[in-house]
Amino acid sequence: MEIGMLPISASKRGKLLAAGYTTLHSILRTSTTHLARDIEVSESEALEILNFATRSSDLDKSSGSNANVIHGGQTAWDMLNEERFSSLITTSCLDLDNILGGGINCKEVTEIGGVPGIGKTQIGIQLAVNVQIPLDYGGLGGKAIYIDTEGSFMVERVLQIAEACIEDLSEYSHHFYKDNQAFGVKMHPNSILENIFYFRVCSYTEQIALVNYLDKFVTEHKDVKIIIIDSVTFHFRQDFDDMALRTRLLGEMSLKLMKLAKNFSLAVVMLNQVTTKHIEGSFQLTLALGDSWSHSCTNRIILYWNDDERHAYIDKSPSLKSASAPYSVTSRGIRNSTSSSKRIKMV
Amino acid sequence: MVLAGNNKESWFRGQKRKMANKLINQLGLPKSIANIFTARNIITAKDALSLTEFELMELLDVGMSEVTSAMAHISELVCPPCQTALLLMEQRVRNESLAGHLPTQLKGLDEALCGGIPFGVVTELVGPPGIGKTQFCLKLSLLASLPVNYGGLDGRVIYIDVESKFSSKRLIEIGTKSFPEIFHKKGMAQEMAGRILILRPTSLSEFAESEHDCGASRQQALGWHVSFIKSLAEFSRIPIVLTNQVRSHVGDESLMYSFQAQSRSTKGDIPVTFDSHLVAALGINWAHAVTIRLVLESKSGKRFIKLAKSPMSPPLAFPFHITSSGIVLLDNDGIEMKGPEISTIHCQGQNALFNLEMAGH
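If you're wondering where the values come from, they're calculated on a predicted model, not measured in any experiment.

So, about the overall build of chain A. Helices and strands together make up the secondary structure of chain A, namely 13 helices and 14 strands. Across the 347 residues in chain A, those meeting the buried criterion constitute 51%. For chain A, the accessible surface area stands at approximately 15,800 Å², while carbon and sulfur atoms represent 53% of it.

Next comes the structure, spelled out in C-alpha cells:
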C-alpha cells in the first residue's frame, strides 16, 4: 500500500493506518493541524509527513512526460549516450584491455578473484597507478583509493610499478613528440604515491564504516576515479557465525559501492579470494563469499593458471563477451604475456 | 624490535578493539538518538555497524534519514585514518632500518625481496622435514640480534618453538662461523644469545589467547590466529617468520573452476601420472593470508629456496646448501620459474616412497 512508501518510522505508519489514513490521497486531503491531531504527533512532524506524501504523488502526476517518470529512473537512450563517454582505465596489458572493451569501466563494480599468488594485488596496484595517467596520454588523470584489508599493499612494489609507468610514458612521448620537449613527462614516482589514498582496515566493522564514509570522502576528493578493495573477503571469512547476517551486510555494502560508482563515475574494483565447493560430485574452485554475493558485482573476472600462463576470464558481465586473455606479472607490473602462440580465446 | 613484558598481550587486544568497541553514547551523537540506540541494546559502534540500515530503521523505530545521518556520523569515527602511499614509504624510510627489511645476508634473496624479510607482514617458510627451515630460523634469529653495523636490527627475538627443535648449541655454532669477529669478542656470544627468548608451549592454546570457545571449528580457530598474527606484525612493525609443514597431494588433478572443467572434458582423457608432490598444510585460506611464502624443496638432488608468493619479487628459485654457518646460496641470480611451478614443493625422498607403494599394489 502507498503508505508503506513513505520514509517514516514504523510507529508513525502504524498511527496513520490506525487513524484511517490508508492512501496518500487521504493524507493530502487533510491539513497539517488535523493530521497532527488525528495521529497525535507534533505539527512539525505532521508537516514532514505531508511533504513526503506530496513528493510521492507529484511523481505519479507527471507520468505523461518522457524523462524521469519514476524518481531516479532513466531511459535506455539517455544511458546509451552516457555510456559512450564512459571512461576506461587501462590494465597495461593489451589483451586484457581488449576483452574488457578497453579497460576497467568507471561507473561499474568489477570483481576480480583468483588463487593466492595469481596477481590480484598486482592488478590492484597497477590500476591504482594507471588511473593517474594524465589526460594527455589518454588516461583519466585521477586519484585512487586503496582499501587494504590484508596488509598486502607493499610500498616497494608500488614504487616499482610507478617508476615503470613513468618510464613507459616517457618512451611513448619521446616516440611521438621527438622534437617537442614540452611533452616530457613531468611526473615523479613520489607524486604517484601521493595520489593513492590508503586505508588499512582491520575488521569487518571498520570495512563497513569505511564504505559508509566513502560518500563523504569522495565528495571532498572529486578527482578519485577508482576504489580498490583488497580483499573484500578477508574479514568476512572469519568471525561470522550468522551467515544470513553476513549475506545482508555484504549485500548492503555492495549496494553502497554500486551507488558510489554510479554517482561519482568512478570504478570500484573488489578483489576476492577463492574457496573450494562441492559441485556435481567433485570439488571445484569458486570465488569466496557465497552464491548471493556473486550477484553483487556488475562484472566478474577470474584469474587462473592455464598451464604455465596467467589468464583472465570474464565470468560475468552484462555487456562483455565471455573471453579469456593471457597476461603476465613482470618487475614493471602487469604486462602482455610474452608467449606469442596463445592469444585471446573466445569461449 | 619486539615488545617484551607482560603488558603486550593486553596492548594488542586493546588495539584491535579500540575502534569498533567505542560506546555509542561517547561518539558525540545527539542525545536523543544515542538514547534510542542504547534503549534497543545497541551499545557499541560495532553493534550498530553489524546491522543493515533497514534493520536499524525497523529496530529503532525512526526514519531513514535519521538512521543514515547517525550511521554516517558513527562510520566516520570508526573508520581507519586516511594515509597515502607516499606517507607510508616516507615513514618507513625515516623510522626503520633499511626501510623496513631484515637482511638475510643471502644476496640473491635479499635483492629479490627489496632488502630482506619485510617488517609488518607474515613470511612463511614451508617445506618437507629436514630441508632447512629451522636452520633458516636460527640464522634469522641471530641476524636480528646483531648490531646494526653488522647488518642486524640490534633487537630482541621471540622464538616460539612448537616442535622443540631449537638448538642453542647450533645457534652459537652458526654465529661463530658466520660472524667470527663478533662472537670471539668476550661476552658477545652471551649478549647476542641473551637477546633471543625461546618459548616452548606444550600446546597451541597455551600461548594463543583465544576469544572463541573450545568448540570452535578448526577453520574458525585458524582464522582468529591469522588475524592476530597479522595485526601483531603490523602494529608493531616487526617481521614475523613462521614455518609450516607439508602434506602429500596425490595425482595430476588440480582444482579447477567450473568454466575450466567444461573445456577440459572436450580434450579427451588426460593420462594419469603418479607424480606425487607436496602441498603446504593448512589449506587455501592460509595460503591467501600469508604475505610472503618461501618454499624450500629438494629436487634432482639439489635444494632450492623459491619465492612462491611475494608481491614484489619475480618468481625466482635459488639453489642452496647448509653449511656450518647456516644456509648458503649457491647462485645469487636465481632461476626464474614459469607458471605455478614456483609454488609446487618437491621432495626426493617422498617421490621414491610413493612409487614403491604403487608398485606394491
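What follows is about the overall build of chain B. For chain B, the count of helices and strands is 16 helices and 14 strands. Across the 361 residues in chain B, those meeting the buried criterion constitute 46%. Residue pairs at least 24 apart in sequence account for 63% of intrachain contacts in chain B once pairs closer than 6 positions are excluded. A total of about 18,100 Å² of accessible surface is found on chain B, and carbon and sulfur atoms cover 55% of it.

Split by domain assignment, chain A resolves into domain 1 (3-61) and domain 2 (81-336). Put simply, the middle of domain 1 of chain A and the middle of domain 2 of chain A, counted by C-alpha atoms, are 45 Å apart.

Two side chains with opposite charge may pair up if their charged atoms get near one another. Under the defined criterion, the tally for this structure stands at 21 salt bridges over all chains. Between aspartate 154 of chain B and arginine 195 of chain B there is a salt bridge, and its shortest N-O distance comes to 2.7 Å. In this pair, aspartate 154 of chain B is assigned in the loop between helix 8 (133-145) and strand 5 (157-160) and arginine 195 of chain B in the loop between helix 11 (188-194) and strand 6 (196-199), connecting sequence segments 41 residues apart. Here aspartate 154 of chain B falls in the partly exposed class, since its relative accessible area comes to 42%. Judged by relative accessible area, arginine 195 of chain B falls into the buried class, the value being 16%. A salt bridge links lysine 165 of chain B to glutamate 163 of chain B; its shortest N-O distance comes to 2.5 Å. Residues participating in the shared-partner salt-bridge network are Glu167, Asp168, Arg332 and Arg335 of chain A.

Turning our attention to the environment of lysine 216 of chain A. In this fold, lysine 216 of chain A is placed in helix 10 (residues 204-220). Measuring from C-alpha to C-alpha, the distance between lysine 216 of chain A and threonine 54 of chain A comes to 29 Å, with 162 residues separating the pair along the chain.

This part takes up the confidence of the model for chain B. Residue and element names in this part refer to chain B. Averaged over every residue, the pLDDT of chain B is 80; the share at 70 or more is 80%. Contacts from residues 1-17, a stretch scored under 50 in pLDDT, to residues over four places away or in other chains number 26 contacts. Segment residues 350-361 is flagged for pLDDT under 50; beyond a separation of four residues in sequence, or across chains, it makes 8 contacts in the model. Reported confidences for the modelled complex are a pTM of 0.82 and an ipTM of 0.80.

In this section: helix 6 (residues 85-95) of chain B. Residues and elements named next belong to chain B. Those residues of helix 6 that fall on the buried side of the exposure criterion are Ala85, Leu86, Leu88, Met89 and Arg92. Projected down its long axis, helix 6 carries its buried residues within an arc of 165°, all on one side. Exposed side of helix 6, more than 90 degrees from the buried face: Arg94 and Asn95 are the residues found there.

On the chain A side, the residues contacting the 62 residues of chain B number 68 residues. Here chain B meets chain A over a buried area of about 5,700 Å², counting both sides, of which 62% is carbon and sulfur. It is Tyr257, Phe259 and His288 of chain B in chain B that bury the most area against chain A; as a group they hold 13% of the surface buried on that side. Connecting chain B to chain A are 4 salt bridges. Residues glutamate 55 of chain B and arginine 248 of chain A are paired through a salt bridge, measuring 2.2 Å at the closest nitrogen-oxygen approach. At the junction of chain B with chain A, the criterion picks out 20 residue pairs in polar contact (both at pLDDT 80 or more). The leading source of residues in the side of chain B that touches chain A is helix 13 (residues 218-236) of chain B, at 7 residues. Taken together, the residues of the side of chain B that touches chain A break down into 33 nonpolar, 17 polar and 12 charged.

Before going further, it helps to spend a moment on the packing of aromatic side chains. Residue and element names in this part refer to chain A. Evaluated as defined, the whole model comprises 10 aromatic pairs over all chains. Relative to phenylalanine 217, the ring of phenylalanine 199 has its centre 5.5 Å away and its plane inclined at 80°; by these criteria the two rings are edge-to-face. Here phenylalanine 199, found in strand 5 (residues 196-200), pairs with phenylalanine 217, found in helix 10; they are 18 residues apart in sequence, far enough to count as distant. For the residue pair phenylalanine 199 and phenylalanine 217, the accessibility class agrees, reading buried in each case.

What follows deals with the environment of serine 313 of chain B. Residue and element names in this part refer to chain B. Tracing the backbone shows serine 313 in the loop between strand 11 (302-309) and strand 12 (316-323). On the basis of relative accessible area, serine 313 is assigned to the buried category, the value being 14%. On a C-alpha basis, the gap between serine 313 and valine 295 in space is 14 Å, while along the polypeptide they are 18 residues apart. Excluding residues within four positions of it along the chain, serine 313 makes contact with Ala112, Leu113 and Leu307. Side chain to side chain, serine 313 and serine 310 meet in a polar contact 2.6 Å long.

Between aspartate 230 of chain A and serine 231 of chain A the backbone carries a cis peptide bond, its omega angle lying at -10°. Turning to its location among the elements, serine 231 of chain A is positioned in the loop between strand 6 (224-230) and helix 11 (234-237). Despite not being glycine, serine 92 of chain A has its phi angle at roughly 75°, a positive value. In this fold, serine 92 of chain A is placed in the loop between strand 1 (88-89) and helix 6 (94-99). Of the residues examined, serine 92 of chain A reaches a relative accessible area of 24% and is grouped as partly exposed. Of note in the backbone geometry, serine 164 of chain B takes a positive phi value of approximately 55° without being a glycine. Mapped onto the fold, serine 164 of chain B is located in the loop between strand 5 and helix 9 (168-178).

What follows concerns a nonpolar patch on the surface. Residue and element names in this part refer to chain B. A cluster of nonpolar side chains, Ile158, Ile160, Val162, Leu197 and Leu199, forms an exposed patch at the surface whose accessible area comes to about 390 Å². Secondary structure elements with two or more residues in the nonpolar patch: strand 5 and strand 6. Counting through the fold element by element, leucine 197 comes out in strand 6. Classification of leucine 197 by relative accessible area gives partly exposed; the value is 48%.

Residue and element names in this part refer to chain B. Taken N-terminus to C-terminus, the directions of helix 4 (residues 53-60) and helix 5 (residues 64-78) make an angle of 120°; their axes are 9 Å apart at the nearest point. Comparing their axes, helix 5 and helix 4 come out oblique. Crossing angle aside, the handedness with which helix 4 passes helix 5 is right-handed. For the pair helix 4 and helix 5, the contacting residues are Glu53, Leu56 and Met57 in the first and Met64, Val67, Thr68 and Met71 in the second. Its residues assigned to classes, the contact of helix 4 with helix 5 comprises 5 nonpolar, 1 polar and 1 charged.

Rules behind the numbers
- Residues numbered from 1 in each chain as written.
- Chains lettered and ligands numbered in written order.
- Predicted model: local features only at pLDDT ≥ 70, side-chain atom pairs only at ≥ 80, totals over all residues.
- Heavy atoms only, no water.
- Helix = DSSP H or I, 4+ residues; strand = E, 2+ residues; numbered from the N terminus.
- Buried < 20%, exposed > 50% of the residue type's maximum accessible area, 1.4 Å probe, protein only.
- Areas by Shrake-Rupley, 256 points an atom, 1.4 Å probe, with all protein chains shown as cover.
- Contact = heavy atoms within 4.5 Å.
- Domains from an automatic or database assignment.
- Salt bridge = Lys/Arg side-chain N within 4 Å of Asp/Glu carboxyl O.
- pLDDT = per-residue confidence, 0-100.
- Arc of directions from axis to C-beta.
- Buried area = accessible area lost by both parts, 1.4 Å probe.
- Polar contact = N/O pair within 3.5 Å; in protein donor to acceptor, adjacent residues only side chain to side chain.
- Nonpolar A, V, L, I, M, F, W, Y, C, P; charged D, E, K, R; others polar.
- Phe/Tyr/Trp six-rings, centres within 6.5 Å; stacked < 30°, edge-to-face > 60°.
- Patch = residues over 30% accessible without salt bridge, like charges linked within 9 Å, V, L, I, M, F, W, Y side chains within 5 Å.
- Axes fitted to C-alpha atoms, helices over the stretch in contact; angles between N-to-C directions.
- Parallel < 35°, antiparallel > 145°, perpendicular 65-115°, else oblique.
- Left-handed = near helix turned anticlockwise from the far one by under 90°.

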